[in-house]
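Examination of the molecular architecture
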Amino acid sequence: MKLFKRYSLWAILILLIAACGGTPNPNNTRFVPYPEEAQVLGLVNAFRSQARACGALQFPAAPALTWVEAVGDTAWFHSIDMGRANSDSHQGASTEDRLRARGFDPGPVAEHRSRTRLPANPNEAFSAWAADPTACANMMNPAFTVMGAGLWGKYESGNTTGLAFWTQILTAPRATNPPPTPTPTLSVNPSAATVTVGGAAIAFSATLTNSTASISWILVGPGSLSTTTGANTSYTPPTTGGASTAILSARVGDLTATAAITINAAAPASTLDITPAQATVNVGGAPITFTATTNTNQTVGWALGANSPGSISNSTGTTTTYTPPATGGAGTAFLCAAVSISLSKCVTITINAAAPTLTVSPTTATTQVGGANVIITASSNQVTWSMTGPGTFSWAGSTFTYIPPASGNGGTATVTATLGTLTASAVITITAPAPPPPPDLAPFLALINEFRSEPRVCMSGTVAENMPAVPPVAFQEQLNTAARLHSEDMAANNYFSHTGLNGSTFVTRIAATGYTGAPQGENIAAGNATVQGAFDNWRNSTSGHCQAMMSANSNEIGLGYGFNANSQWTHYWTLVFGKRN
């Protein structure tokens, strides 16, 4: 590996292009990592600096990783192979064999790969790894002490895919017995920092263990360093420009440690704004709230201008409420906010004379079909009245009498009082009449058992089917529950089907009650208000209902009824059949 002291970023890029352009030789080494590869190391070390969860696993903060050239070159040549294959799967020999071929004897090894679109952005590849629980756990694993990353596709010629190919290798030197000579490690503190354009400098220190070699510093990005050699350096942010990033690398031989520097834009000038910027109110009208927004940390003070009518609720804070005067004519008020002698703002409030008003009381009311009348009163006896919706009405002066309909399902009526151009309305809700008491289901058992006691002729379409007499059936409580719940569901949700809206069938509905026998079938009917009507509907059916009631396979039944005056059929019936030995 070639040694160097200091080169400009331009010179480094020229050397990189010269060393890496064309067809790379797998036996070559590179002068320095690409800036994007160094950024990957910085991102990983910032990631390891805090405890975090990877999927269901919790990890404490882990020591920073060290860049090893042999590992980085291994990753780079693997990225080249991925690019040539246009694939993000592993290529060729195992990662361990590739590392050994470059003179690095690995212990544990993890390899992560990614493809991103050009221009190459290390954050895209890193974010994909950080979001993957396995890759996340590898990057937080303290067993890994060194790292290399390889990018192919940005600087090299011959890339026609439009993609960047990334390889990240995490590993540690393989332990031997007796222990090998301690491996030198290199870290930078802090590993991540945030500064401001034109802001104060920040000190960085590099810690080198198991080695006495000299440390050199390389900065990629805006700003400057106080020195490029030694264990300590100071980074000074740029004095102009917007938000950006910089990567600071410490290097000893083929070891590299990085720190990611986030550069925020300079703080903006102090501002103060009031919302709304202007307002119009009426004498005696509703209050209006004003909000002050400032990028300073100073307290906002409020005041009304001299001779401004009205009042404010607060003299300090981010909001205040202006209340118009209760009497008087049209005018103007000035409301001002200030955070300092030099920073204040005022808004103009236009005050209009009080406008005539019209109100009705109550504004909402509820009655029932065939129920009590509702009285609505207007604030003026000069109004005229109108109404839309069910029901009738009468009125005299300021009093309106609403008379609900005697029948029907109810609805909504809107009552409007009019005085010139002014209107005021009240909404009356008319509820449906109370449902009738549910029918007595007990007589059905006598009806069906009398029907089963003699031979019957049941129609299947136009074909007559002779059905012999069969033994009587009995009501069973769990079957009654299954039938009742389905009838109530059809009524409540206004549908008519053997299949429930949740996909249930008579088999699953019966099973849900805990019934231990075998479900045999189900009849449903709608529109009949009585047990006799439902029975006659099934007895005269030509689509299997008669046959079900005459089946010898059933010895137990359940009957259920549901009601909804606002549904299509109002009355809903369900008859289920079961058999227990």
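Look a little higher up for the structure.
Residues numbered from 1 in each chain as written. Predicted model: local features only at pLDDT ≥ 70, side-chain atom pairs only at ≥ 80, totals over all residues. Heavy atoms only, no water.

**So, the pairing of strand 25 (residues 374-378)**
Residues Val374, Ile376 and Ala378 of strand 25 are buried on one face, while the alternating residues Ile375 and Thr377, pointing to the opposite face, are not. As defined by bridge partners, strand 23 (residues 360-361) adjoins strand 25 across two bridges and the pair is classed as antiparallel. Each residue of the ladder has a partner; that of Ser361, found in strand 25, is Thr377. In this structure, strand 25 lies alongside strand 28 (residues 399-403), joined through four bridges in antiparallel fashion. Residue pairing in the sheet places Ile375 in a bridge with Thr401 of strand 28. (Buried < 20%, exposed > 50% of the residue type's maximum accessible area, 1.4 Å probe, protein only. Helix = DSSP H or I, 4+ residues; strand = E, 2+ residues; numbered from the N terminus. Pairing = 2+ DSSP bridges.)

**Remarks on the packing of helix 2 (residues 35-48) against helix 5 (residues 122-131)**
Contact geometry for helix 2 and helix 5: axes closest at 9 Å, N-to-C directions at 35 degrees. Handedness of the helix 2/helix 5 crossing: right-handed. Note on element contacts: helix 5 touches helix 2 through Pro122, Asn123, Phe126, Trp129 and Ala130, opposite Glu36, Gln39, Val40, Leu43, Val44 and Phe47. Looking at the contact of helix 2 with helix 5 residue by residue, the classes come out as eight nonpolar, two polar and one charged. (Axes fitted to C-alpha atoms, helices over the stretch in contact; angles between N-to-C directions. Left-handed = near helix turned anticlockwise from the far one by under 90°. Contact = heavy atoms within 4.5 Å. Nonpolar A, V, L, I, M, F, W, Y, C, P; charged D, E, K, R; others polar.)

**Concerning the environment of Ser234**
By secondary structure assignment, the location of Ser234 is in strand 12 (residues 232-236). Here Ser234 falls in the partly exposed class, since its relative accessible area comes to 21%. Each C-alpha atom of the pair Ser234 and Ala201 lies 6.4 Å from the other, and the pair is 33 residues apart in sequence. In contact with Ser234, not counting residues within four places along its chain, are Ala201, Ile202, Ala203, Ser224, Leu225 and Ser226.

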